[in-house]
Structures are given as C-alpha cells and as structure tokens.
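# Overview (structure and organization)
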Amino acid sequence: MRAPLAALFAGGAIALACAVGASPAAAQRVMSLDSCADQYVLALAPREAVVGLSPRAQAPDSFLRAEARGLPRRRTTIEAVLGAQPDIVVRQWGGDPRLVAAMARRGIRTVSLDDVSDFDGVRANVRRVAAALNRPAAGEALLARMDGKLARAAGAGRGRRAFYLTPGGYTAGSGTMIDAMFKAAGFANAATGPYFAPAPLERLVLAPPQAVVLGFFDLTRAGADRWGPGRHAALRKATQGRVVASLPGAMLGCSAWFAADGAERLAEATRR
C-alpha cells in the first residue's frame with residue numbers, strides 16, 4: 001500500500017508544481033548591465049523573469065522606460081549580479097572584462113550585443129537575445145513589427161538630402177544608425193564624412209541643406225547642450241522651415257529595432 005500511496009502523493013506534487021509554473025521550462029532569470037541591454041531585456045523577457053536592470057533603465061533616453069517601472073535596478077558590480085542570481089546577463093557596453101570574467105567563473109552566461117549600424121545588425125542582436133532566453137517567437141514578432149514600419153517608410157524621402165544635427169553640434173554620416181534610418185525612409189544623408197563628427201555649422205548657415213533632422217533636442221540638459229552650437233540663433237534662423245522632424249533621444253540612444261520608428265516618423269513628415 002505504501003508504494004501506491006507514495007506515487008499518489010508524488011503525482012499530486014508534480015501537478016501542483018505545474019499549476020504554479022514551477023517547471024523545468026520556467027523562464028530563465030535575466031539581468032541587464034546597461035541601458036541598451038535594458039531595451040532588449042524589457043522587450044523580449046517575461047516580466048517575472050527580469051531580476052535586474054541597469055541604473056538608467058528609467059532615464060529619459062530609455063525607449064522602454066515605462067516598462068521598466070517596478071522592476072529592480074542594480075549597479076554594475078559582481079556583488080549586485082550575485083545578489084540578483086541571474087541565469088543570463090545581457091550587456092552591450094556595461095561591465096568591464098573583469099566583471100564578465102567573474103560572471104563566467106560562476107557559471108553565469110553572458111549575452112553580448114554587437115554595436116551595430118544597420119537593421120541587419122539589429123536583427124542579429126534581437127535573435128541572439130531571443131534565442132538565449134528561449135523566446136524565438138517573441139524575437140520574430142518584434143522584428144516583424146520593425147519590418148512593417150520599414151516597409152511603410154520606404155522611399156518616402158524620394159532621395160531628398162537631409163542633414164542630422166544634435167544640440168551639441170554633431171552630425172552623423174555613413175556607418176551610423178542615423179544613416180540607416182535615413183536610407184530606410186528614402187533620404188540621402190547630407191553629411192559627407194563617416195560616423196559621428198562636428199557639424200560644419202558655418203557652411204550650414206551659408207548654404208542650408210534641403211532638410212534638417214534634429215536629434216536629442218527634447219533632452220535639454222544644464223551645461224553644454226543647453227547652449228550648444230546646434231542651438232545657435234544663426235543656425236536656427238538658417239534652418240527655419242527646413243526641419244522635417246525632431247527625433248527624441250529615446251529613439252536614438254541605442255541601435256535597436258525602434259530606429260524603424262524614427263524612419264517611419266521621417267516618412268510621415270514628408271507626407272504631411
């Protein structure tokens with residue numbers, strides 16, 4: 001009689017565990033170490049599996065800052081990681097090599113995002129994190145939404161030349177996500193050099209581009225940006241009527257799927 005009774009109790013325990021979700025397939029505990037990694041974790045991991053986000057998860061330039069509310073934010077230290085007890089840590093630039101090595105010694109898997117400058121790179125990052133979290137369907141759904149926005153934005157600029165400008169007086173040329181965003185919306189990049197560089201402000205005043213796209217102007221900070229070259233009165237006057245869009249910093253701070261939102265916004269601006 002004891003063996004059947006023990007089997008009955010064991011079966012009941014298994015049924016109860018499944019009912020409350022305590023199964024071998026339960027979501028892995030995940031933590032992110034920087035604000036860009038936060039976006040991927042917030043978008044792809046089940047909320048109950050997130051045991052830690054970076055200290056800047058709710059900063060104004062965090063795209064998914066609303067989704068970060070109520071979730072723990074932790075420092076980028078081995079003590080904080082061990083306290084959170086994650087199975088997987090996602091990072092892009094957060095955490096130095098010593099921290100990564102310390103996590104590896106303790107059997108904590110690290111998923112590193114590439115610093116990408118095009119939508120193919122974004123796709124690879126999304127799929128990498130989704131695979132690590134055993135959430136491939138969530139990753140593909142996120143990419144499908146991104147691709148839908150890119151399809152709606154395609155060709156809207158009709159080759160019109162656009163110049164990107166930040167409050168600090170910087171622009172973005174080839175090899176940047178801004179350039180990929182311009183191309184996705186059918187604009188040509190008026191910046192002549194690669195990567196990020198100081199904008200030729202005098203030339204912009206004397207010969208304003210066909211279209212200007214502002215970035216980060218919503219994040220006015222005390223100090224240099226408040227009085228930065230990109231806010232110069234002469235430049236504002238020269239570009240008056242030429243600004244097609246002002247993109248929020250949260251859409252630009254990380255190379256991620258929401259760059260497609262920026263492309264879609266540029267496209268919408270040309271159709272108004």
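Anyway, here's the lowdown on the structure attached to this text. (Residues numbered from 1 in each chain as written. Predicted model: local features only at pLDDT ≥ 70, side-chain atom pairs only at ≥ 80, totals over all residues. Heavy atoms only, no water.)

## Comments concerning the packing of helix α7 (residues 177-184) against helix α11 (residues 259-271)
For the record, the criterion: Axis lines are fitted to C-alpha atoms, over the contacting stretch for helices. Their N-to-C directions set the angle, which ranges from 0 to 180 degrees. Numbered from the N terminus, helices here are DSSP runs of H or I no shorter than four residues, and strands are runs of E no shorter than two. If an angle is under 35 degrees, it is roughly parallel; if it is over 145, roughly antiparallel; if it lies from 65 to 115, roughly perpendicular; otherwise it is oblique. In this scheme the crossing of two helices becomes right-handed for a clockwise turn of the near helix relative to the far one and left-handed for an anticlockwise turn of less than a right angle. Working rule for contacts: check all heavy atoms of both residues, and any pair within 4.5 Å makes them a contact.
It is the contact of α7 with α11, at a shortest axis distance of 8 Å, that shows an interaxial angle of 45 degrees. Considered as vectors, α7 and α11 are oriented oblique to each other. Considering the relative orientation of α7 and α11, their crossing is right-handed. Contacts between α7 and α11 involve M177, M181, F182 and A184 on the former and, on the latter, A259, G262, A263 and L266.

## Considerations on a nonpolar patch on the surface
Note the cut-off: By definition, no residue in a patch forms a salt bridge, and every one has over 30% relative accessible area; like charges are joined within 9 Å, nonpolar side chains (Val, Leu, Ile, Met, Phe, Trp, Tyr) within 5 Å. Areas reported as accessible are Shrake-Rupley estimates using a 1.4 Å probe. Residue values count occlusion only from the protein chains shown. What counts as a salt bridge is simple: a side-chain nitrogen of Lys or Arg found within 4 Å of a carboxyl oxygen of Asp or Glu.
On the surface, a nonpolar cluster with roughly 380 Å² of combined accessible area is contributed by Y170, Y195 and F196. Topologically, Y170 is positioned in strand β6 (residues 170-172).

## What about the state of the cysteines?
The condition is simple: Here, a disulfide means two cysteine sulfur atoms that sit within 2.5 Å of each other. In this scheme, a residue with accessible area under 20% of its type's maximum is buried, one over 50% is exposed, and one in between is partly exposed, where area comes from a 1.4 Å probe on protein chains only.
Applying the stated criterion across every chain yields a total of one disulfide. C36 shares a disulfide with C254; S-S distance 2.1 Å. Its torsion about the S-S bond being -90 degrees, the disulfide of C36 and C254 is classed as left-handed. Of the two residues, C36 sits in helix α2 (residues 35-44) while C254 sits in the loop between α10 (249-252) and α11, which places them 218 residues apart along the sequence. By relative accessible area, which is 5% here, C36 ends up buried.

## Here we look at the nonpolar core
In summary, soluble globular proteins display a tendency toward joint burial of nonpolar side chains. In plain terms, the rule: To form a nonpolar core, buried Ala, Val, Leu, Ile, Met, Phe, Trp, Tyr and Cys residues must be joined to one another through side-chain atoms within 4.5 Å.
Of all hydrophobic cores here, the largest spans 60 residues; its most connected members are Y40, V90, F119, W257 and L266. When residues no more than four places from it in sequence are discounted, the contact partners of V90 are V30, M31, S32, L33, A37, V41, V111, L113 and V129. In terms of nonpolar packing, the next biggest core, distinct from the first, is built from eleven residues, I78, V81, A84 and M103 among them.

## A closer look at unusual backbone geometry
The phi torsion at Q85 lies on the positive side, around 55 degrees, for a residue other than glycine. One can find Q85 in the loop between α3 (78-84) and β3 (88-91). Residues other than glycine seldom take positive phi values, yet N134 does so here, at roughly 60 degrees. In this structure, N134 sits in the loop between α5 (119-132) and α6 (136-153).

## Considerations on the side chain of D38
To keep things clear, this is the line we draw: We score Asp and Glu as negative and Lys and Arg as positive, and we do not count His or the chain ends.
Following the sequence through the fold, D38 ends up in helix α2. Although D38 is buried, it makes no salt bridge; R56 carries the closest opposite charge, 7.2 Å away.

## Side note on the sheet that holds strand β4 (residues 109-112)
To be explicit about the condition: At least two bridges found by DSSP between two strands is the condition for calling them paired.
Strand order across the open sheet formed by four strands is β2-β1-β3-β4, with parallel pairing between neighbours. Sheet topology places β2 (50-52) and β4 at the edges, where each strand pairs with a single neighbour. Sheet twist, expressed as the average angle between the axes of neighbouring strands with direction ignored, equals 30 degrees. Strands in contact with α2 are β1 (30-32), β2 and β3; relative to β1, the strand with the most contacts, it is inclined by about 150 degrees.

## With respect to α11
Test applied: Expected helix span is taken as 1.5 Å per residue step, with the number of steps being one fewer than the number of residues.
The end-to-end C-alpha separation of α11 is 19 Å, in line with the 18 Å expected for 13 residues at 1.5 Å each. Restricting attention to buried positions, one finds in α11 the residues A259, A260, D261, G262, A263, E264, L266, A267 and A269. Along its buried surface, α11 packs onto α5, α6, α7, β9 (211-215), β10 (243-247) and α10.

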